[in-house]
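Residue strings, one per chain:
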Amino acid sequence: ATVHPSSAQYKLTSSTAIYTQAGSADAAAIGNQLAALLRPSTGFSLPVLSSATRRNHAADCGIALVLTSAGNLGAEGYLLDVTSNGVVITAAEPAGLFYGVQTLRQLLPAATDATTHQPGPWTVPGGHIADQPRFPYRGAMLDVSRHFFPVSVVERLISEISLYKVNYLHLHLADDQGWRIVINSWPNLATFGGSTEVGGGAGGFYTQAQYLEIVAYAKAHFVTIVPEIDGPGHTNAALASYAQLNCDGVAPPLYTGTDVGFSSLCVNKDLTYQFEQDVMGELAALTPGPFLHIGGDEAQSTSATDYSTFEDKVLPIVSTDGKRAIGWHDVTKVDPPTSFVPQFWGTTQTDAPTAAAAARGNKVIMSPATHAYLDMMYTPATKLGQNWAAYIEVKDAYGWDPGNYLQGVTGSSVLGVEGPIWSETLLNMANIEFMAFPRLPALAELGWSPESTHNWNSFRQRLGAQGPRWTVQGVNFYASPQVPWAPGTVGGVD
Ligand code: TNX
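(A) Structural context of helix α13 (residues 456–464). Of all the positions in α13, only W456, F459, L463 and G464 are classed as buried. All buried residues of α13 project into a common sector of 135 degrees when viewed along the axis, lining one side. Of the surrounding elements, those touching the buried residues of α13 are α10 (394–398), α12 (439–448) and α14 (467–473). One side-chain oxygen at the N-terminal end of α13 lies 2.9 Å from the backbone nitrogen of N457; it belongs to N455.

(B) How the structure looks around the site of the ligand. Taken together, 14 residues surround the ligand, and among them R146, Y373, D375, W388 and E424 come closest. The separation between an oxygen atom of the ligand and a polar side-chain atom of R146 is 2.7 Å. In the environment of the ligand, a nitrogen atom lies 3.1 Å from a nitrogen or oxygen atom belonging to the side chain of E298. Burial of the ligand by the protein chains amounts to 98% of its free accessible area of 360 Å². For the shell around the ligand, the per-class residue count stands at seven nonpolar, two polar and five charged.

(C) Just the sheet that holds strand β5 (residues 78–83), in detail. If you trace the seven strands from one edge of the open sheet to the other, you get β1-β7-β5-β6-β4-β2-β3, paired in mixed fashion. Both outer strands of the open sheet, β1 (2–11) and β3 (48–50), are each paired with one neighbouring strand and no more. This sheet shows a mean twist of 20 degrees between the axes of neighbouring strands, independent of strand direction. Where β5 and strand β7 (residues 123–131) come together, five bridges link them in antiparallel fashion. By the bridge assignment for β7, L80 is matched with I129. Lying on the sheet, helix α1 (residues 25–42) is in contact with β2 (18–20), β3 and β4 (63–67); it crosses β2 at an angle near 165 degrees.

(D) Examining the layout of surface pockets more closely. Approximately 880 Å³ is the volume found for the largest pocket. What lines the largest pocket is a set of 32 residues, and nearest its centre among them are T103, Q106, K165, E445 and R462. Breaking the lining of the largest pocket down by element, the ones donating at least two residues are β1, β5, α2 (94–107), β7, α12 and α13. When residues of the lining of the largest pocket are assigned to their parent elements, the largest contribution, six residues, is made by β7. Here the residues of the lining of the largest pocket are counted per class, giving 16 nonpolar, 11 polar and five charged. Estimated volume of the second largest pocket: approximately 490 Å³.

(E) A look at the state of the cysteines. Tallied over the entire structure, the rule returns one disulfide. One disulfide in the model links C247 with C266; its S-S distance is 2.1 Å. Residues C247 and C266 are joined by a disulfide whose S-S torsion is about 105 degrees; by sign, that bridge is right-handed. Of this pair, C247 sits in the loop between α6 (236–241) and α7 (270–286) while C266 sits in the loop between α6 and α7, and the two are 19 residues apart along the sequence. The class of C247 is exposed, set by a relative accessible area of 60%.

(F) A look at the pairing of strand β8 (residues 137–143). Among the seven residues in β8, seven count as buried, and that is most of the element. Alternating residues of β8 divide into Y137, G139, M141 and D143 and R138, A140 and L142, and every residue in both groups is buried. Pairing analysis gives five bridges linking β8 to strand β9 (residues 168–172), with the strands arranged parallel. Looking across to β9, one finds that M141 is bridged to H170. A crossover links β8 with its parallel partner β9, the connecting element being helix α3 (residues 151–162), and its sense is right-handed.

(G) Focus on the side chain of S413. Checked against the element boundaries, S413 lands in the loop between α10 and β17 (414–421). Given the relative accessible area of 10%, S413 is considered buried. With sequence-adjacent residues up to four places away left out, S413 is seen in contact with A358, N362, K363 and V364.

Reading guide: rules and limits
- Residues numbered from 1 in each chain as written.
- Predicted model: local features only at pLDDT ≥ 70, side-chain atom pairs only at ≥ 80, totals over all residues.
- Heavy atoms only, no water.
- Buried < 20%, exposed > 50% of the residue type's maximum accessible area, 1.4 Å probe, protein only.
- Helix = DSSP H or I, 4+ residues; strand = E, 2+ residues; numbered from the N terminus.
- Arc of directions from axis to C-beta.
- Contact = heavy atoms within 4.5 Å.
- Polar contact = N/O pair within 3.5 Å; in protein donor to acceptor, adjacent residues only side chain to side chain.
- Near = heavy atom within 4 Å.
- Areas by Shrake-Rupley, 256 points an atom, 1.4 Å probe, with all protein chains shown as cover.
- Nonpolar A, V, L, I, M, F, W, Y, C, P; charged D, E, K, R; others polar.
- Pairing = 2+ DSSP bridges.
- Axes fitted to C-alpha atoms, helices over the stretch in contact; angles between N-to-C directions.
- 1 Å grid on protein atoms, 1.4 Å probe; cavity = no way out; pocket = protein on both sides within 12 Å on 5 of 7 lines; lining within 4 Å.
- Points joined across faces, edges and corners; volume = space filled by probe spheres on them.
- Disulfide = S-S within 2.5 Å.
- Right-handed = clockwise from strand over helix to strand, strands pointing away.

Structure (structure tokens):
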């Protein structure tokens, strides 16, 4: 939000220590994370000590992570001060310390992210930063249904996005092509419904223990998991797993293509709502975050009346489970309660039902497919992704204002932004990274920094400085010709 550089610089040395707020286990955990990251590359021991032992007048005061209720830093804000004898990060909450540490990482040389010993020097430019986010929701979405990705891929994505202060990961856990989470009361969903994917591969699913592992890994990176079970459309995997969920009692075959809009749950069967209660209930119990995502998009095989009937029954199930529902903006057609969060994915800048919901008080997540869809191709010459909404180069991903984009949905109605990574064409981590980088950092800046700071020319410089970091981290990214990549950048491949 604000940065005042100075001519000073701080240099990490073999005697540098990390001091964390006395008595705070959260601050200590964040300090330990930073130390673990810096030790292999710097070769320094970087002990993590209580702030009570820090001496401010020493030549090397180290790196301090301080929690204080003074100041208006907000739940995620922080101050970062770098002088020639130390670094101080101050925040009201652990989240702010974590984000201050992410900024510090960006100020350190890219080589700090290497996993082997590097020569240094390890300098941090001096100055003062006061920072807090514009929007509370800064998200990415991974579609694990069209292609299944193991826990290791999800965790690597979480660690990559948290460097840019992205704080939600929405997992698209069920679609026509696959059901990816064990539901104990409906076991065939995972074992049969999860047994394939687009192209006919083996698919897969997360056990509940694996899902909890993802949730815990995310929490350590200040990322909240938002699980989605889509309905009434995008449900072929469920319908194939249980014949009795179908209106005609006949299970369709598993599906490995990429069409949308052909499946629907049977809206007038009581069993459909038993199913929704069981699934949402188990997911709610596994999910500490406040949100459950109910899908609701592209229900082209459900009549308008049936669609309303369905959503009017599913929305209260989510509230009964103690969660707040997010759904694709299609759900605004049924006039959902104001607690409901529509996620706008349209290709135009007007949508009357979403604007009406915002006027009633619903908060909106902005994911316009023409700017925020990370599965769209960059240009006609890049290979991965689709192009039904747009080609989205880096400048297009950055060049819109979430608070002044959709007619009738201004800043105060916006909960935040999310970049969906649909996976029809994406097979592995390298493919996911190529689509997310560098567009997700562009979206992250729109979600975090005040509108007044947005500037393409300065952004592309700052983005270019991330190139060597991704190269060191082994992140496969699109080296867009729009960006002046810093020396040491080696672009990726699609
Ligand atoms: C539309 S946008 C979908 C997804 C596809 C995506 C591919 C939306 C809410 N649904 O089912 O995966 O396009 O770009």
